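# Examining the three-dimensional arrangement
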Amino acid sequence: MSRVQTLTVGHDEAEQRLDRWFRRHFPHVSQVRIEKMCRKGEIRVDGGRVKSNSRVGPGQAVRIPPLPTAEEVEAQAKTAHISKADAEMIRSCVIYKDDHIIALNKPPGLPVQGGSKQTRHVDGMAAALSFEREDVPRLVHRLDKDTSGVLVLARTQAMASALTKAFRHKNTRKIYWAMVAGVPYPKIGTIKYGLVKAPGHGAKGEGEKMHCVHPREVDSTYGAKRAHTDYATLCFLGQRAAWMALVPVTGRTHQLRAHMAEMGHPIVGDGKYGGSGQENQGDGWGSQLGDEISKKLHLHARSLSFEHPVSGAEMTFTAPLPAHMKQTWDYLGWTEMDVPNDPFDKDEEWQS
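Residues numbered from 1 in each chain as written. Predicted model: local features only at pLDDT ≥ 70, side-chain atom pairs only at ≥ 80, totals over all residues. Heavy atoms only, no water.

- Under the annotation held in an unreviewed UniProt entry, the protein chain carries the name Pseudouridine synthase and is attributed to Litoreibacter roseus.
- If you open the UniProt record of the protein chain and go to Function (unreviewed entry), you find "Responsible for synthesis of pseudouridine from uracil." (UniProt positions renumbered as here; feature names shortened; annotations may be inferred.)

Structure follows, in structure tokens:
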């Protein structure tokens, strides 16, 4: 927002309507706002009140009240298209905020960005997270639509560049929590299957998914990329299900979902990679467990750690489980106190 200022109509400017002169100097200010400022007496010419259609000419002094910047007007315009309910919802997801970054606990079912038939998403609501700042927060990484958990946005362009670089160079640590069908063996290990995108059905590629490729065949498979996931079994329910900690060392599309399915232990609720109609009773393969277990995807970005690009402080953001996973955990008697924050940390005394 600018300060009060006085501008003199230039001698090279012809006599003209005040609103037209004003819009020529401040093109981002709407006609409606100009008329409102005139009615309130905020815009004055040679000290007197005027209407928007009053004539001004060379040498006259025009009082200009505080005005929003072009960036603020743009942010307000974006916010105007966000419903009050959505604005309140996305603000309620904030788990951390400073002058440089905002961390959210993204709810499941909300896309991060728009796409095919997706008009309601985090990126489209980001203006509601400006909190009186000029810049609209920017995305620096992604989560799948049905995956919940920690999502970080940058509040400035400089911070967006720094965080994007940190994610690209793997200077961040992400730990996901998931429940999978069955119990992996060994209980702690690494998956290094490559991933290649397989086209889906339909004109726009609907239903495309990632297929796993044996590490020895990645280099010879067109379009395949190497992928690396560390996993640890935190708790288990007989042979029916397990609570997993997953670390995507690489960040490929659907990496965790495809890797766990390749092991024969799809993430519960994952219809794309685990079979939506199959129930795993301990002796079969499928991503549904029946009983009181929700059919929604049980995958949650539990924590994200990185060095703050400005302060240099080591930051760790932790997101509580979404309602459907919390209900499952309560049903099975699993509690967060039962497991370490980072089961891959050799300094933590823990054994599954």
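There's more to say after this.
### Thoughts on the overall build of the protein chain
- Each helix and strand counted, the protein chain has nine helices and 18 strands in total.
- Burial analysis of the protein chain (352 residues in total) assigns 45% to the buried set.
- A sequence separation of at least 24 residues applies to 64% of the contacts in the protein chain between residues at least 6 apart.
- Accessible surface, the protein chain: about 18,400 Å² in total, of which carbon and sulfur atoms supply 47%. (Helix = DSSP H or I, 4+ residues; strand = E, 2+ residues; numbered from the N terminus. Buried < 20%, exposed > 50% of the residue type's maximum accessible area, 1.4 Å probe, protein only. Contact = heavy atoms within 4.5 Å. Areas by Shrake-Rupley, 256 points an atom, 1.4 Å probe, with all protein chains shown as cover.)

### Re unusual backbone geometry
- The amide bond that connects Tyr185 to the next residue, Pro186, takes the cis arrangement and shows omega of 0°.
- Position of Pro186 among the secondary structure elements: in the loop between β11 (172-181) and β12 (188-191).
- We note that Asp46 has phi near 50°; this positive angle belongs to a residue other than glycine.
- Structurally, the position occupied by Asp46 is in the loop between β3 (44-45) and β4 (48-49).

### Overview of the packing of aromatic side chains
- Applying the stated criterion to the full structure yields eight aromatic pairs.
- Seen from their ring centres, Tyr96 and Phe317 are 5.0 Å apart, and the 40° between their planes marks the pair as tilted. With a gap of 221 residues between them, Tyr96 in strand β7 (residues 94-97) and Phe317 in strand β18 (residues 314-318) connect regions that are remote in the sequence.
- Overall, the relative accessible area of 5% leaves Phe317 in the buried class.
- Among the aromatic side chains, those forming a connected cluster through ring pairs are Trp177, Trp243, Trp329 and Trp334.
- Cation over ring: Lys97 sits above Phe131, and NZ or CZ is 4.9 Å from the ring centre.
- Over the face of the ring belonging to Tyr273 we find Lys209, whose NZ or CZ atom lies 5.0 Å from the ring centre. (Phe/Tyr/Trp six-rings, centres within 6.5 Å; stacked < 30°, edge-to-face > 60°. Lys NZ or Arg CZ within 6 Å of the ring centre and 35° of its normal.)

### Structural notes on the UniProt feature "active site" (unreviewed entry) in the protein chain
- Within this numbering scheme, the UniProt entry marks Asp144 as carrying the feature "active site" (unreviewed entry).
- Mapped onto the fold, Asp144 is located in the loop between β9 (138-139) and β10 (148-154).
- Using a relative accessible area of 24% as the deciding quantity, one classes Asp144 as partly exposed.
- Every residue in contact with Asp144, bar those within four places of it in the chain, is listed here: Lys106, His254 and Arg257.

### With respect to the confidence of the model for the protein chain
- Here the protein chain shows a mean pLDDT of 87. Residues at 70 or above account for 88%.
- Note that residues 281-285 has pLDDT below 50 and, in this model, 13 contacts with residues that lie over four places away or in other chains. (pLDDT = per-residue confidence, 0-100.)

### Some thoughts on the packing of helix α1 (residues 18-25) against helix α2 (residues 31-39)
- Two elements in contact, α1 and α2, have axes whose closest approach is 11 Å; the angle formed by their N-to-C orientations is 125°. As far as their axial angle goes, α2 and α1 are oblique. The crossing of α1 and α2 is right-handed. Facing α1, whose interface residues are Leu18, Asp19, Phe22 and Arg23, α2 presents Gln31, Ile34, Met37 and Cys38. (Axes fitted to C-alpha atoms, helices over the stretch in contact; angles between N-to-C directions. Parallel < 35°, antiparallel > 145°, perpendicular 65-115°, else oblique. Left-handed = near helix turned anticlockwise from the far one by under 90°.)

### Quick look at helix α7 (residues 255-262)
- By the criterion of burial, α7 is predominantly enclosed, with seven of the eight residues buried.
- If you check which residues of α7 are buried, you get Gln255, Leu256, Arg257, Ala258, His259, Met260 and Ala261.
- Once α7 finishes, Gly264 follows within two positions and takes phi at roughly 90°, a positive value.

### Comments concerning the pairing of strand β15 (residues 229-237)
- Burial of β15 is extensive: seven of the nine residues sit out of reach of the surface.
- The pairing of β12 with β15 spans four bridges and is classified as antiparallel. Counted as the bridge partner of Gly189 is Tyr231 from β15.
- Where β15 hands over to strand β16 (residues 241-248), the hairpin turn is made up of three residues, of which Gly238 adopts a positive phi near 55°. (Pairing = 2+ DSSP bridges.)

### Description of the sheet that holds strand β1 (residues 5-8)
- Across the sheet, four strands lie side by side as β1-β6-β3-β4; this open sheet has antiparallel pairing. What marks the edges here is a single partner per strand, and that holds for β1 and β4.
- For β3 and β4, the ladder comprises two bridges, and the chain directions are antiparallel. What sits directly across from Arg44, in β4, is Arg49.
- This element, α1, spans β1, β3 and β6 (61-64) of the sheet and lies at about 65° to β6.

### With respect to the nonpolar core
- Ile90, Leu104, Val122, Leu246 and Leu299 are the most contacted members of the largest nonpolar core, which totals 34 residues.
- Elements represented by at least two residues in this core include exactly α4 (84-92), β8 (101-106), α5 (122-125), β10, β11, β16, α7 and β17 (299-307).
- Each of domain 2 (83-169) and domain 3 (174-332) gives at least three residues to this core.
- Apart from the residues within four sequence positions on either side, Leu104 is in contact with Ile90, Cys93, Val94, Ile95, Val122, Leu129, Gly149, Val150, Leu151 and Leu153.
- Ranked by size, the runner-up nonpolar core spans 19 residues in total, among them Ile293, Leu321, Trp334 and Val339. (Core = buried A, V, L, I, M, F, W, Y, C linked by side-chain atoms within 4.5 Å. Domains from an automatic or database assignment.)

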